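Examining the three-dimensional arrangement
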Number of protein chains: 2
Amino acid sequence: MTDASVLSVQEYITKREAFINEERSLRREHARLAVLSDAEAQADRVVRKIRAEEARTIWSEENEAAENIFPGMEFLTSRDIIVKTRLFNILTKMPKGALLHAHLDAMVNTRTLLRLALEQPHMHIRVPNALSASSIKTMLPEFEVRPKEEWSTLSTLAGAFYTPGEWVPMQKARESFPEELGGPQGFDAWVIGCLTINPAEAYGTHKTTDKIWEKFANTFRVSIGLIRYQPIWSQYIREFFRTSVEDGISYIEARINFGPKTMFNAEGHNVVPAREWVLMFAEAIQVVKQEMKDSGRDGAFLGARIIYTTIRMYTPDEVEWYTEECLALKQEFPDIIAGELLYSSLGFDLVGHEDSLYPLTYYMPQLLRFKERQKELGIDVPYIFHAGETLGDGTPAENNLYDAILLGTKRIGHGFSLAKHPKLLQICKERGIAIEMCPISNEILRLTSSMPMHPLPIIVNHGIPVALCSDDPAVFGNMGLSFDYFQVLVSSELTGLTMLGQIARDSLEYSTLNPEAKAEALSAWEQSWQKFCKEVATLGA
Amino acid sequence: MTDASVLSVQEYITKREAFINEERSLRREHARLAVLSDAEAQADRVVRKIRAEEARTIWSEENEAAENIFPGMEFLTSRDIIVKTRLFNILTKMPKGALLHAHLDAMVNTRTLLRLALEQPHMHIRVPNALSASSIKTMLPEFEVRPKEEWSTLSTLAGAFYTPGEWVPMQKARESFPEELGGPQGFDAWVIGCLTINPAEAYGTHKTTDKIWEKFANTFRVSIGLIRYQPIWSQYIREFFRTSVEDGISYIEARINFGPKTMFNAEGHNVVPAREWVLMFAEAIQVVKQEMKDSGRDGAFLGARIIYTTIRMYTPDEVEWYTEECLALKQEFPDIIAGELLYSSLGFDLVGHEDSLYPLTYYMPQLLRFKERQKELGIDVPYIFHAGETLGDGTPAENNLYDAILLGTKRIGHGFSLAKHPKLLQICKERGIAIEMCPISNEILRLTSSMPMHPLPIIVNHGIPVALCSDDPAVFGNMGLSFDYFQVLVSSELTGLTMLGQIARDSLEYSTLNPEAKAEALSAWEQSWQKFCKEVATLGA
């Protein structure tokens, strides 16, 4: 026997409680448990009660509407159920703090993007072969705006009248979309299918990480031509900000992929450089802040910052070009533009499929040089690296975690495989390196099959700060942050509303906001949070 | 910037290597890397090379024989591919050390069990309703031996001649199995389908943990009547030992479920008490050891021990009855029986679906009393608890991990959710509490969807000792240990043959063998290991 003395049941219970408590005290919400307001404590109880009820009724075999149903199940097959739950309804009203991991090219509902694009007569579309009932299933469209002098007189993508690879005005292509392909609605369905991942792909035909990444990458190949057009882009960003605010997000750090190096101007010429993008971004912040002020919601949107990204598939020289552009932008655009704090400053990251593209080590001279250049210039552009978005164990891709930390990353994007690293877990905790966790993204991209299998509880139980993020919601359908918060809440008995509040708080705490702005943001969030908890508390009265 | 000074690429590389090495040095094979024999080092390289080749050829889209294929994919759909690989072939020859987590009721191939049962005229079968083409899909047979005076004159389970619930001699039921149900082969297929989990169940109709556990539990309801019959049981154990030895296992700690309290004797009376089971178990050890000796393989089988188990669904009083029986058996049967070291001594465990049955706390008075009783009697029956075989995070079932450790468990069965517990990880490492990891079992019972998602690397990278185990291979099809070793090897870049060797070594190191026997076992294993490595090394010559 291990113990010299045998305990009485009462002694055992006391010892057990202390033992469990010792471990749970590592969790970041633990310190708050002692100082919860009455409303917070009651709201947490209410949410646990509703969660338990819905687990028994909605997320169980009693619900005959769905098969193999359970809390935290596959998002794409449960989304329609989620939106009808009381729990989700509550979470949509929760103040979420910051959205820290969001790829700008996938932040707006694809139907909205389609609508924006169809308003633009410059927008053209082409396909490599004429569309037919069979080819449409695998055919990807390409979009691009054309200057007026190059507008096409073609009017259909289908049949013998279409010359493969030729541009067709998007409006005409839609209007003339053949009846047998569903007419204009068929056009919309086809394009949206190419911009999103559906359950049959994620859970059937493409259910490995490699295969779903092919489909995932294709959605960007299609959307880029729709988005990188000034008249659309500026509306797109505003729409992104507005819908985020509607979901309770008050501040955003958006990853913008600055390749290709220019976007199209209103006239359809591909000449708009990155500095113009930053100005448009800043303008969108101003516009949406003003809208909030005008509608009596001053402070609902604090602003947004850009994390400058390029793709981990370029040559080292090309990446160096991007780092230099990033530095130039940082020098030109401080936090304050036109007298207002716009938070437009930059961090730097490399994005793309870690398993199949280059690891950070491939760019090490450039990444070290980037730090040196900052020192020379006296500026600070923190690394905020993607790392560990992989199922590997010791693969070159997985080792990105070591490099991200050695290079001083401020946060880690994904960190899905971080749990495999005892030393790195310790370092993240000690140095306060927050993890931008994207549960729904991870599930759809097949790193995990459902939320109960996701490593998030490992990170949370170790006491490492976490921010929940949506990653690419236009592709996944998890617009805002309510869906990701929902999936996390229903998958863990330990995590209640108090922990979700801590995650929201930490999203601001571990943002790149300067101390003053951060204190303001936290204080505003705290007010909204108490108000929210009071409302939730009444639901259990 | 985090660092005050910027490093040169060379400085960075040096620092990086040390950084990675610091973490990897926690792994249990690390200390050996410096003292590998030439053969071991070469064998590790050969295995890595073959693994990489097979990842490119067999486990990739190049293999058109299977869909969504990848290394470590779902076992039930990849088993046929695995057995044809060179890597698997190598692993079948590897000396595996001990099998430490194995439920005796599911250790022999179901075809063998069926054959053994069909040799027994006492064996009867019944179904709740007459079989038909539609009812056979969901109908579970029940088996039981009947004393000669109660042998049935019925001869079929199907059609109007069958009275629902009546016993039919198994041999006759098989011979008369209707043509439209496939005749005798159809009988075999039906029974085997009820004793095993198939891919359509695990990955389709029953793909949640709760649902697959229903099917899993049903296989035991069917098999128990076939197994708990002295003439079969004694052959069953020998078959288990023999096939284990064939797969390179030299020592076994088998969990025997001692409920119901008696088994059937040769004449078909349900009167054989547990002490007879232990004697039969000891006899089987002697027989198989002798067989090995006779065939010039002295030492290939060192013996086996029993871990006494009962099911976590009984009342506390019933569990107390079982703990008392366990103590009585421990007192009656020391390690030495008939002058030979038979390792028949006992550990104690509670088994069954943790999520749906009682947690350890439910039996706390009994479990504490059991320790007290051992103290009184001056004997030692270590707890070797199942714990953490769940996707929960802080559920009552998941909290079994705390209780297992507080009660001084020697090892942890499964520990699937251990990774969520920073303090418990630390304690397991410090106290040398080994984890009996059952990767294929976990995957089929839907705790993980595939091996790359399994938490094993988390445990291994933390430096906690691990023993790979097959759990219930008759149900899963992972007979022996080669399949589990295979799935682990192909799912991690870090884990090579050297680590597999360490896992095998640790299976003996963390067994319940006394120091003397353990030293002998380890020394014999070491010899076999070096021989094995020499053979593997030549494959790369």
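That block above? That's the structure.
Conventions and cut-offs
Residues numbered from 1 in each chain as written. Chains lettered and ligands numbered in written order. Predicted model: local features only at pLDDT ≥ 70, side-chain atom pairs only at ≥ 80, totals over all residues. Heavy atoms only, no water. Helix = DSSP H or I, 4+ residues; strand = E, 2+ residues; numbered from the N terminus. Buried < 20%, exposed > 50% of the residue type's maximum accessible area, 1.4 Å probe, protein only. Contact = heavy atoms within 4.5 Å. Least-squares fit on C-alpha atoms with pLDDT ≥ 70 in both. Pairing = 2+ DSSP bridges. Axes fitted to C-alpha atoms, helices over the stretch in contact; angles between N-to-C directions. Polar contact = N/O pair within 3.5 Å; in protein donor to acceptor, adjacent residues only side chain to side chain. Nonpolar A, V, L, I, M, F, W, Y, C, P; charged D, E, K, R; others polar. Phe/Tyr/Trp six-rings, centres within 6.5 Å; stacked < 30°, edge-to-face > 60°. Lys NZ or Arg CZ within 6 Å of the ring centre and 35° of its normal.

1. Re the environment of A:E166
Residues and elements named next belong to chain A. Mapped onto the elements of the fold, E166 is located in the loop between β3 (142-145) and β4 (168-169). Exposure remark for E166: the relative accessible area of 40% places this residue in the partly exposed category. Between the C-alpha atoms of E166 and C428, which are 262 residues apart in sequence, the distance is 52 Å. Once residues within four sequence positions are removed from consideration, E166 is found in contact with I125, R126 and L154.

2. Remarks on unusual backbone geometry
Residues A:G259 and A:P260 are joined by a peptide bond in cis, for which omega reads -10 degrees. Relative to the elements of secondary structure, A:P260 occurs in the loop between β5 (249-257) and β6 (262-264). Phi is positive for A:H414, close to 80 degrees, though the residue is something other than glycine. Positionally, A:H414 belongs in strand β13 (residues 411-414). Positive phi outside glycine occurs at B:R446, with the angle close to 65 degrees. Looking at where B:R446 falls in the secondary structure, it is placed in the loop between α17 (439-444) and α18 (456-461). The class of B:R446 is buried, set by a relative accessible area of 7%.

3. Focus: the relation of the copies chain B and chain A
Laying chain B over chain A is done by rotating through 180 degrees and shifting 0.0 Å along the axis; what remains is an RMSD of 0.0 Å. Here the symmetry operator amounts to a two-fold rotation axis. When each C-alpha of chain B is compared by its distance to the rotation axis, B:S449 comes out closest, at 3.1 Å. The share of interface residues of chain B whose copies in chain A are also at the interface is 100%, consistent with both copies meeting through the same surface.

4. Let's talk about the sheet that holds β13(A)
Neighbouring strands of a sheet are bound in pairs by backbone hydrogen bonds; such pairs are parallel or else antiparallel. All names here are of chain A. Judged by pairing direction, the sheet is parallel, and its 4 strands sit side by side in the order β12-β13-β14-β15 without closing on themselves. On the outer flanks of this sheet lie β12 (385-387) and β15 (466-468), each paired with one strand and no other. Between one strand and the next, the sheet's axes are offset by a mean angle of 30 degrees, whatever the strand orientation.

5. Here we look at the side chain of A:R255
All names here are of chain A. In this fold, R255 is placed in strand β5. A distance of 3.3 Å separates the side chain of R255 from the side chain of H101, its partner in a polar contact. Within the structure, R255 has its side chain in polar contact with the backbone oxygen of I384 (distance 2.8 Å).

6. Structural notes on the environment of A:K261
Mapped onto the elements, A:K261 comes out in the loop between β5 and β6. Non-local contacts of A:K261, meaning those with residues more than four positions away in its chain, are made with A:V272, A:P273, A:A274, A:W277, A:W321 and A:Y322.

7. So, the environment of B:P199
With respect to the secondary-structure elements, B:P199 resides in helix α9 (residues 199-205). The residues contacting B:P199, other than those within four sequence positions of it, are B:L76, B:T77 and B:G204.

8. With respect to the packing of helix α3 (residues 38-57) of chain B against helix α21 (residues 497-509) of chain B
Residue and element names in this part refer to chain B. It is the contact of α3 with α21, at a shortest axis distance of 8 Å, that shows an interaxial angle of 115 degrees. Seen from α3, the contacting residues are E40, A43, D44 and V47; seen from α21, they are L497, T498 and R505. Grouping the constituent residues of the contact of α3 with α21 by class yields 3 nonpolar, 1 polar and 3 charged.

9. Observations concerning the packing of aromatic side chains
According to the stated counting rule, one finds 60 aromatic pairs over all chains in the structure shown. Pairing B:W213 with B:F216 gives two aromatic rings, centres 4.9 Å apart and planes at 90 degrees, and the pair type is edge-to-face. Linking B:W213 with B:F216, this pair stays in helix α10 (residues 209-227), spanning 3 residues, or about one helical turn. As far as burial versus exposure is concerned, B:W213 and B:F216 are alike and both buried. Aromatic ring contacts, followed pair by pair, group A:W233, A:F258, A:W277, A:Y308, A:Y314, A:W321, A:Y322, A:F348, A:F370, A:Y383 and A:F385 into a single cluster. The ring centre of A:Y322 lies 5.6 Å from the NZ or CZ of A:K261, which sits over that ring.

10. Topic: helix α16 (residues 422-431) of chain A
The set of residues buried in α16(A) consists of A:P422, A:L424, A:L425, A:I427 and A:C428. Where the residues of α16(A) are buried, they touch α15 (400-406), β13, β14 (434-437) and α18 (456-461) of chain A together with α1 (9-24) and α18 of chain B. Downstream of α16(A) by a residue or two, A:G432 has a phi angle that is positive, lying close to 65 degrees.

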